[in-house]
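Each chain is listed here by its residues.
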Amino acid sequence: MSASFAKLPSPPYYAVIFSSQRNGEDDPGYGQAAQRMVELAAQQPGFLGVESVRGDDGYGITVSYWADEAAIAAWKRQAEHAATRAYGREHWYDHFELRVAKVERAYGSKSRA
């Protein structure tokens with residue numbers, strides 16, 4: 001997964017924040033599935049972007065951005081995504097948390113160098 005910033009519109013929009021602790025099982029399969037989920041999400045109406053990082057200790061955070069709550073609900077119901085989530089709960093994670101937030105304001109800065 002890319003460690004770059006998502007290119008997002010002006011707020012408001014929604015963020016789905018997925019924090020997880022990997023257990024190390026099936027690392028190649030996990031990487032392939034994670035990449036497939038990004039590709040699949042990008043095809044969904046209302047998808048705005050994604051940012052994802054994972055440390056050497058297996059702890060990671062993925063934030064996907066969506067236009068509205070209806071788009072998030074549709075993504076949750078998407079069949080391949082649902083099957084991958086179920087598999088992940090059983091095989092890939094020691095612990096995970098999912099949070100949905102409405103982004104009201106956003107700003108940033110980048111180096112001029």
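In this convention, every chain numbers its residues from 1, walking through the sequence in written order. With the structure being a predicted model, the display of local features is reserved for residues of pLDDT at least 70 and the display and counting of side-chain atom pairs for 80 or more, all residues being used for whole-chain, interface and lining totals. Hydrogen atoms and water are omitted, and side-chain values are computed over all heavy atoms in the structure.

A. The pairing of strand β1 (residues 13-22), seen in detail. Partly exposed residues are those whose accessible area sits between 20% and 50% of the maximum for their type, while under 20% is buried and over 50% is exposed, using a 1.4 Å probe and protein chains only. Only DSSP runs of H or I with at least four residues qualify as helices, and only runs of E with at least two residues qualify as strands; both kinds are numbered from the N terminus onward. Along β1, 8 of the 10 residues are buried, which leaves the element largely enclosed by surrounding structure. The sheet contact formed by β1 and strand β4 (residues 93-103) spans 10 bridges and is antiparallel. Each residue of the ladder has a partner; that of Y14, found in β4, is K102. At least two bridges found by DSSP between two strands are what make those strands a pair. Relative to strand β3 (residues 59-66), β1 runs antiparallel, the two being bridged by 8 bridges. Looking at β3, one finds that A15 is bridged to Y65.

B. Layout of helix α1 (residues 27-42). The end-to-end C-alpha separation of α1 is 23 Å, in line with the 22 Å expected for 16 residues at 1.5 Å each. Within α1, the full set of buried residues consists of G29, Y30, A33, A34, M37, L40 and A41. Each buried residue of α1 sits inside an arc of 135° when the element is viewed along its axis, so together they form one side. Across from the buried face of α1, at angles greater than 90 degrees, the exposed residues are P28 and Q32. Contact between two residues is taken to exist if any of their heavy atoms lie within 4.5 Å; hydrogens are not considered. Among the structural elements, β1, β2 (47-54), β3, α2 (69-77), α3 (79-91) and β4 are those in contact with the buried residues of α1. One less than the number of residues in a helix, times 1.5 Å, gives the span that helix is expected to have. Relevant arc is that of directions from the helix axis to the C-beta atoms, nothing else.

C. Representation of the nonpolar core. Throughout this description, the term nonpolar core refers to a set of buried Ala, Val, Leu, Ile, Met, Phe, Trp, Tyr and Cys residues connected via side-chain atoms within 4.5 Å. Judged by nonpolar contacts, Y14, V16, M37, L40, A41, F47, W66, A71, I72 and W75 together constitute the single largest core of 10 residues. Broken down by secondary-structure element, the contributors of at least two residues to this core are β1, α1 and α2. Residue contacts for Y14: discarding those within four places in its chain leaves S64, Y65, W66, A67, D68, E69, I72, V100, A101, K102 and V103.

D. Geometry of the side chain of S64. Inspection of the secondary structure puts S64 in strand β3. Exposure remark for S64: the relative accessible area of 11% places this residue in the buried category. Side chain to side chain, S64 and W66 meet in a polar contact 2.8 Å long. Residues contacting S64, with those up to four places away along its chain left out, are Y14, A15, V16, F47, G49 and V50. The term polar contact refers here to a pair of N or O atoms within 3.5 Å; inside protein, the definition further demands a hydrogen-donor-capable atom paired with an acceptor-capable atom, and it admits residues adjacent in sequence only when both atoms are side-chain atoms.

E. Spotlight on the sheet that holds β3. Spatially, the 4 strands line up as an open sheet ordered β2-β3-β1-β4, and their pairing is antiparallel. Each edge of the sheet is formed by a strand with only one pairing partner; in this case those strands are β2 and β4. Averaged over all pairs of adjacent strands, the angle between strand axes in this sheet comes to 15°, irrespective of strand direction. Here, axes are lines fitted to C-alpha atoms. For helices the fit covers the stretch in contact, and angles between N-to-C directions go from 0 to 180 degrees.

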